[in-house]
Amino acid sequence: MSKDPLHHETSSQTVGPFVHIGLYPAVSGILARSRTYGNQLASTHAYGQRIRVEGQIIDGNGETVRDALLEFWQADGHGRYAHPADPQAKSADVGLSGFGRSVTDPDTGTWTLESIKPGAVGDLNQRPMAPHINLALFARGLNIHLHSRIYFDDEVKANAVDPVLQQCVPAPRRQTLIARRKETTQEPCVYRFDMVLQGKNETVFFDL
Amino acid sequence: MSTEPETPLLDSGFRRRDRSVQPRLLWPEYKSTLNRAPTQPLVPLSPTLSEITGPTFSPQEIDLIDRDLLQNARIDRDPLGERTLLTGRVIDQDGTPLCATRIEIWQANAAGRYQHASDNYQAPLDPNFSGYGCCLTDELGNYEFLTIRPGPYPFANGANTWRPSHVHFSIFGPAFATRLVTQMYFEGDPLIRDCPMLGSIPDRSAQSRLVAAFDMERSRPFDCLAYRFDLVLRGPKQTHFENRPDGL
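Below: a short report on this structure. Treat the numbers as computed from the prediction; the structure is a model and nothing was measured.

This next bit is on the overall build of chain B. Check the secondary structure of chain B and you find 3 helices and 12 strands. Computed over the C-alpha atoms, the radius of gyration of chain B is 20 Å, within 12% of the 18 Å expected from 2.2 N^0.38 for a compact globule of 248 residues. Split into buried and exposed, the 248 residues of chain B put 55% on the buried side. The contacts of chain B with a sequence gap of at least 6 include a subset with a gap of at least 24, amounting to 72%.

Scanning chain A from terminus to terminus reveals 3 helices and 13 strands. Taking 2.2 N^0.38 as the reference for a compact globule, 208 residues should give roughly 17 Å; the C-alpha atoms of chain A span a radius of gyration of 18 Å, in line with that estimate. For chain A, the spread of C-alpha atoms along the three principal axes comes to 60 × 40 × 40 Å. Among the 208 residues that make up chain A, the fraction classed as buried is 59%. Contacts in chain A between residues at least 24 apart in sequence constitute 69% of all its contacts with a sequence separation of at least 6. Entry remark: accessible area of chain A is about 8,400 Å², with carbon and sulfur atoms responsible for 51%.

Counted by the stated rule, this structure contains 27 salt bridges over all chains. Its salt-bridge partner being Glu54(A), residue Lys182(A) comes within 2.6 Å of it at the nearest N-O pair. With Lys182(A) in the loop between strand 10 (178-181) and strand 11 (189-192) and Glu54(A) in strand 1 (residues 50-55), the pair connects residues that are 128 residues apart, well separated along the chain. We classify Glu54(A) as buried; its relative accessible area is 12%. By sharing partners, the salt bridges in this structure join Glu71(A), Arg101(A), Arg102(B), Glu104(B) and Arg179(B) into a single network.

Moving on: the interface of chain B and chain A. Contact residues are listed per partner, giving 94 residues for chain B and 80 residues for chain A. Across the chain B/chain A interface, buried area totals approximately 7,900 Å², and carbon plus sulfur atoms make up 55% of it. Per-residue buried area on chain B facing chain A is highest for Arg36(B), Leu49(B) and Phe176(B); these three make up 11% of the total on that side. Where chain B packs against chain A, one counts 8 salt bridges. Its salt-bridge partner being Arg149(A), residue Glu51(B) comes within 2.7 Å of it at the nearest N-O pair. On inspection of chain B and its partner chain A, the count reaches 48 residue pairs in polar contact (both at pLDDT 80 or more). Among the elements that make up the side of chain B that touches chain A, the one with the highest residue count is strand 9 (residues 180-186) of chain B (5 residues). A breakdown of the residues in the side of chain B that touches chain A according to their chemical character gives 48 nonpolar, 25 polar and 21 charged.

Before going further, it helps to spend a moment on the layout of surface pockets. Taken as a whole, the second largest pocket holds about 770 Å³ of empty space. Residue lining of the second largest pocket: 40 residues in total, with Pro17(A), Phe18(A), Asp67(A), Arg140(A) and Ser118(B) positioned closest to the centre. Only strand 5 (111-116) of chain A together with strand 6 (153-154) and strand 8 (166-171) of chain B provide two or more residues apiece to the lining of the second largest pocket. Considered class by class, the residues forming the lining of the second largest pocket number 18 nonpolar, 15 polar and 7 charged.

All names here are of chain B. Mapped onto the secondary structure, Gln207 falls in helix 3 (residues 204-208). A polar side-chain atom of Gln207 sits 2.9 Å from the main-chain carbonyl oxygen of Ile201. The contact partners of Gln207, leaving out residues within four places of it in the chain, are Leu198, Gly199 and Ile201.

Moving on, we get to the pairing of strand 9 (residues 146-152) of chain A. Each regular strand shows side chains that alternate between the opposite faces of the sheet. Residues and elements named next belong to chain A. Of all 7 residues in strand 9, 7 are buried, a share of seventy percent or more. Burial of the side chains of strand 9 extends over both faces: Leu146, Ser148, Ile150 and Phe152 are buried on one face and His147, Arg149 and Tyr151 on the other. As defined by bridge partners, strand 8 (residues 133-138) adjoins strand 9 across 5 bridges and the pair is classed as antiparallel. Note that in strand 9 the partner of Asn134 across the bridge is Arg149. By the bridge criterion, 2 bridges tie strand 9 to strand 10 in an arrangement that is parallel. Bridging from a neighbouring strand, Tyr151 pairs with Ile178 of strand 10.

This part is about the environment of His7(A). The topology assignment puts His7(A) in the segment before helix 1 (20-23). In this structure His7(A) comes out as partly exposed when scored by relative accessible area, which is 34%. Once you skip the residues sitting within four places of it in the chain, His7(A) turns out to touch Ile91(B), Asp92(B), Gln93(B), Asp94(B), Gly95(B) and Val232(B).

Let us look at the side chain of Thr84(B). Residue and element names in this part refer to chain B. By secondary structure assignment, the location of Thr84 is in strand 2 (residues 83-92). Here Arg149 takes part through its backbone nitrogen, which lies 3.4 Å from a polar atom of the side chain of Thr84. Apart from residues no more than four positions distant in its own chain, Thr84 is found in contact with Phe145, Leu146, Thr147, Ile148, Arg149, Phe186, Cys224, Leu225 and Tyr227.

About the thresholds
- Residues numbered from 1 in each chain as written.
- Chains lettered and ligands numbered in written order.
- Predicted model: local features only at pLDDT ≥ 70, side-chain atom pairs only at ≥ 80, totals over all residues.
- Heavy atoms only, no water.
- Helix = DSSP H or I, 4+ residues; strand = E, 2+ residues; numbered from the N terminus.
- Rg over C-alpha atoms; globule rule 2.2 N^0.38 Å.
- Buried < 20%, exposed > 50% of the residue type's maximum accessible area, 1.4 Å probe, protein only.
- Contact = heavy atoms within 4.5 Å.
- Areas by Shrake-Rupley, 256 points an atom, 1.4 Å probe, with all protein chains shown as cover.
- Salt bridge = Lys/Arg side-chain N within 4 Å of Asp/Glu carboxyl O.
- Buried area = accessible area lost by both parts, 1.4 Å probe.
- Polar contact = N/O pair within 3.5 Å; in protein donor to acceptor, adjacent residues only side chain to side chain.
- Nonpolar A, V, L, I, M, F, W, Y, C, P; charged D, E, K, R; others polar.
- 1 Å grid on protein atoms, 1.4 Å probe; cavity = no way out; pocket = protein on both sides within 12 Å on 5 of 7 lines; lining within 4 Å.
- Points joined across faces, edges and corners; volume = space filled by probe spheres on them.
- Pairing = 2+ DSSP bridges.

Fair warning: the whole summary comes from geometry, so function is off the table for now.
The structure is reproduced here in structure tokens:
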């Protein structure tokens, strides 16, 4: 290999308010013939506890963001990612699409995700990470997308030893990454995960 | 934190994102950033298994018609506008081609109007054009879309602010950490100079890399003009991270 200087990563630009056309075409009345990604990740055959996560995104004026798009990437119910970098990829659950998208409702600002709770993911250093869903947030006014994670408040023990929560995130801000389970006796379990873009309780966003 | 945190996570994955070529989150000239850009610094996170993995794509999931925006929403005639071929190559920072990665594009029609309920610009819709496209890169990292050149349009920002003609590009690469969405502009467009979104990128040469070059050689006689737009995604820290010995 020649010692060419590194290429620069291409610069990001905002997705703008019309993001749905490209990334969630059904919202714009477009019937895409190629595969698209929605907010239902688990087939009926997927292994794991059925969950629904829902939330809103609050801007610096306290208003709900109604034109955002969220992307999710998660492990299956056993903590396996369907990707070759995961040593367990070959046995990853084919009943689960690890990747999905949701958009905030133009009227209510609420987004929802229907999935199964991911298993604890073994890091390559064999330190388990608590169950979590990886998230990327795109919207008008975000010049580059924001990465975050959704953890679960009923995983107290796992969260207490999660290396990212405990060693990367300052203690006072950890709660911004933890979805709250709602009181309900029915399946699926419903969790609330609101994000705050500015000010008090501002959600943690990562520089990966 | 008072002590250097023990590095809990594998020090592999991807080169750090070079923020000097990325736009500032808060950029007052683009007013929508004022209420939306986080005020706290991003929290550094060395990519873990969660970030060095990501969705993979299969050609079976893609209909080839979605790389032809002249056809994929056609009802009874071709869409109006300048027939335009967009081509390019997707590589990582080391120059390695990224094959079979998903590209999604979206754009306004030739009059500068989007097929979207929130777009209330007075320019007309084109019933034969949706502005949606999708493809996978080939084994050399190449892609191409046939479309019409989108028109410029005004937007609520300043007293008289216009977007240059542009096409939105969404690209995945090998992992969630390499995800990127950007916009492609057209060489020679006089609106580029004052675009507040492009201006949010601090480095002028990085800005210029978002401007697709007019490419006469790829233009098709009596058919379409061509523009070339290459994309670079973050490169791996190590060439073969999967071969690392355990525990290092």
